[in-house]
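The primary structure of each chain is shown beneath.
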Amino acid sequence: KQEVTQIPAALSVPEGENLVLNCSFTDSAIYNLQWFRQDPGKGLTSLLLIQSSQREQTSGRLNASLDKSSGRSTLYIAASQPGDSATYLCAPQRSFNKFYFGSGTKLNVKP
Amino acid sequence: GAGVSQSPSNKVTEKGKDVELRCDPISGHTALYWYRQSLGQGLEFLIYFQGNSAPDKSGLPSDRFSAERTGGSVSTLTIQRTQQEDSAVYLCASSSTGPRNEQFFGPGTRLTVL
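Parameters and conventions
- Residues numbered from 1 in each chain as written.
- Chains lettered and ligands numbered in written order.
- Predicted model: local features only at pLDDT ≥ 70, side-chain atom pairs only at ≥ 80, totals over all residues.
- Heavy atoms only, no water.
- Helix = DSSP H or I, 4+ residues; strand = E, 2+ residues; numbered from the N terminus.
- Rg over C-alpha atoms; globule rule 2.2 N^0.38 Å.
- Buried < 20%, exposed > 50% of the residue type's maximum accessible area, 1.4 Å probe, protein only.
- Pairing = 2+ DSSP bridges.
- Axes fitted to C-alpha atoms, helices over the stretch in contact; angles between N-to-C directions.
- Contact = heavy atoms within 4.5 Å.
- Buried area = accessible area lost by both parts, 1.4 Å probe.
- Salt bridge = Lys/Arg side-chain N within 4 Å of Asp/Glu carboxyl O.
- Nonpolar A, V, L, I, M, F, W, Y, C, P; charged D, E, K, R; others polar.
- Disulfide = S-S within 2.5 Å.
- Phe/Tyr/Trp six-rings, centres within 6.5 Å; stacked < 30°, edge-to-face > 60°.

*Asks:* Before we go on, may I ask you to explain the overall build of chain A in this structure?
*Replies:* A tally of regular secondary structure across chain A gives zero helices and 11 strands. Secondary structure of chain A in N-to-C order comes out as β-β-β-β-β-β-β-β-β-β-β. Computed over its C-alpha atoms, the radius of gyration of chain A comes to 13 Å, within 12% of the 13 Å expected for a compact globule of 111 residues. Seen through its principal axes, chain A has C-alpha atoms that stretch 40 × 25 × 20 Å. Taking all 111 residues of chain A together, the buried fraction comes to 46%.

*Asks:* What is the right way to look at the sheet that holds strand β3 (residues 19-25) of chain A in this model?
*Replies:* Hydrogen bonds between backbone atoms are what pair the strands of a sheet, whose relative direction is either parallel or antiparallel. All names here are of chain A. Pairing is antiparallel in the open sheet, where five strands are placed in the order β1-β3-β8-β7-β6. Strands at the two margins of the open sheet, each flanked by one partner only, are β1 (4-7) and β6 (56-59). Ignoring which end each strand starts from, the neighbouring axes of this sheet average 15° apart. Pairing geometry for β1 and β3, over four bridges, is antiparallel. The partner of Val 4 across the bridge, within β3, is Phe 25.

*Asks:* Where do I start with the interface of chain B and chain A in this structure?
*Replies:* Size of an interface: often given as the accessible area lost when the parts come together. Listed as interface residues are 23 residues of chain B and, on the opposing side, 20 residues of chain A. When chain B packs against chain A, the two sides together hide about 1700 Å² of surface, and 51% of this comes from carbon and sulfur. Run the count over chain B and chain A and you get one salt bridge. Put simply, A:Lys98 and B:Asp56 hold a salt bridge, and the shortest N to O gap is 2.6 Å. Sorting the residues of the side of chain B that touches chain A by element identifies β4 (31-37) and β5 (43-50) of chain B as the ones contributing at least two each. The element best represented in the side of chain B that touches chain A is β5(B), accounting for four residues. Along the lines of polarity and charge, the residues of the side of chain B that touches chain A split into nine nonpolar, 10 polar and four charged.

*Asks:* Quick question: what am I supposed to make of the state of the cysteines here?
*Replies:* Chemically, a disulfide is nothing more than a covalent bond linking the sulfur atoms of two cysteines. All names here are of chain A. On inspection of all chains with the given rule, the structure shows two disulfides over all chains. Disulfide pairing places Cys 23 opposite Cys 90 at an S-S distance of 1.9 Å. Looking down the S-S bond of the Cys 23 and Cys 90 bridge, the torsion is 65°, so its handedness is right-handed. Separated by 67 residues along the polypeptide, Cys 23 in strand β3 and Cys 90 in strand β9 (residues 86-95) bring together distant segments of the chain.

*Asks:* I would appreciate a short explanation of the pairing of strand β5 (residues 44-51) of chain A in the present structure.
*Replies:* Two faces, one strand: in a regular strand the side chains alternate between the faces of the sheet. Residue and element names in this part refer to chain A. The element β5 is largely enclosed, with a buried count of seven among its eight residues. For strand β4 (residues 32-38) and β5, the ladder comprises seven bridges, and the chain directions are antiparallel. Counted as the bridge partner of Asn 32 is Gln 51 from β5. Hairpin remark: β4 followed by β5, antiparallel, with five residues in the connecting loop; positive phi at Gly 41, about 75°.

*Asks:* Any chance you could explain the pattern of salt bridges here in plain terms?
*Replies:* Working definition: two side chains of opposite charge can pair if their charged atoms are close together. Under the counting rule described, the total for this entry stands at eight salt bridges over all chains. The partner of A:Arg37 in a salt bridge is A:Asp39, and the shortest N-O contact between them spans 2.7 Å. With its nearest N and O atoms 3.0 Å apart, the salt bridge here joins B:Arg22 to B:Asp24. By relative accessible area, B:Arg22 is classed as partly exposed at 38%.

*Asks:* What am I meant to see in the packing of aromatic side chains here?
*Replies:* Centre-to-centre distance and the angle between the planes together describe a pair of aromatic rings. The full count for this structure, using the stated rule, is nine aromatic pairs over all chains. Between A:Phe36 and A:Phe101, the ring centres sit 5.8 Å apart and the planes meet at 35°, which makes this aromatic pair tilted. Taken together, the residues span a long stretch of sequence, with A:Phe36 in strand β4 and A:Phe101 in the loop between β10 (98-99) and β11 (105-110) at a distance of 65 residues. Here A:Phe36 matches A:Phe101 in class, with each residue buried. Pairing A:Phe101 with B:Tyr35 gives two aromatic rings, centres 5.3 Å apart and planes at 80°, and the pair type is edge-to-face. Taken together, the residues span two chains, with A:Phe101 in the loop between β10 and β11 and B:Tyr35 in strand β4. For B:Tyr35, a relative accessible area of 0% corresponds to the buried category. The rings of A:Phe36, A:Phe99, A:Phe101, B:Tyr33, B:Tyr35, B:Phe45, B:Tyr48 and B:Phe105 are connected pair by pair, giving a single aromatic cluster.

Here it is, written out as structure tokens:
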């Protein structure tokens, strides 16, 4: 079974900082990897999807990288804002119908 | 519709009662997933539908849980004889087929069993 670990579990930073969220997974034979954010009491919002043939994806201030061989993905957030405060989840996809979720990194960006 | 919708948003029920949770996927998405998220826990896979294929029910925790998908669109998750440990947020997601099968989630149904 795919084990997904996200470090740190929680992070509090002042507004404007650049930060890195880490995701590691035990089974490197993945299909795609998706990053989500979850606001309290809400569903998940898709941020980025990295296909297995890709090494990174960028969307605005977000950049996600994928190193399948080492079982790692990182989400880089540039110039953080209070609106970025949420829980961030990574989900490697083992097969077409099997996504495995980490427990998330809870981010608090202080004004 | 513009996104995945779920109803009801909140459901409070008494132990032993049956409940039905509904999911409307994004139009044209052939894949539909149900997950459960308990307080402070990660997402637990429940069931997966893909087109007209037999669903993958491997994540259903007991035979009290069942789901169906009518006409390849709307899905209903049914929990019979609810127990307090069924209390959780039930999330539905849909995706298209192909290499970029990005999942899009609904807002969830918060189920509380008293």
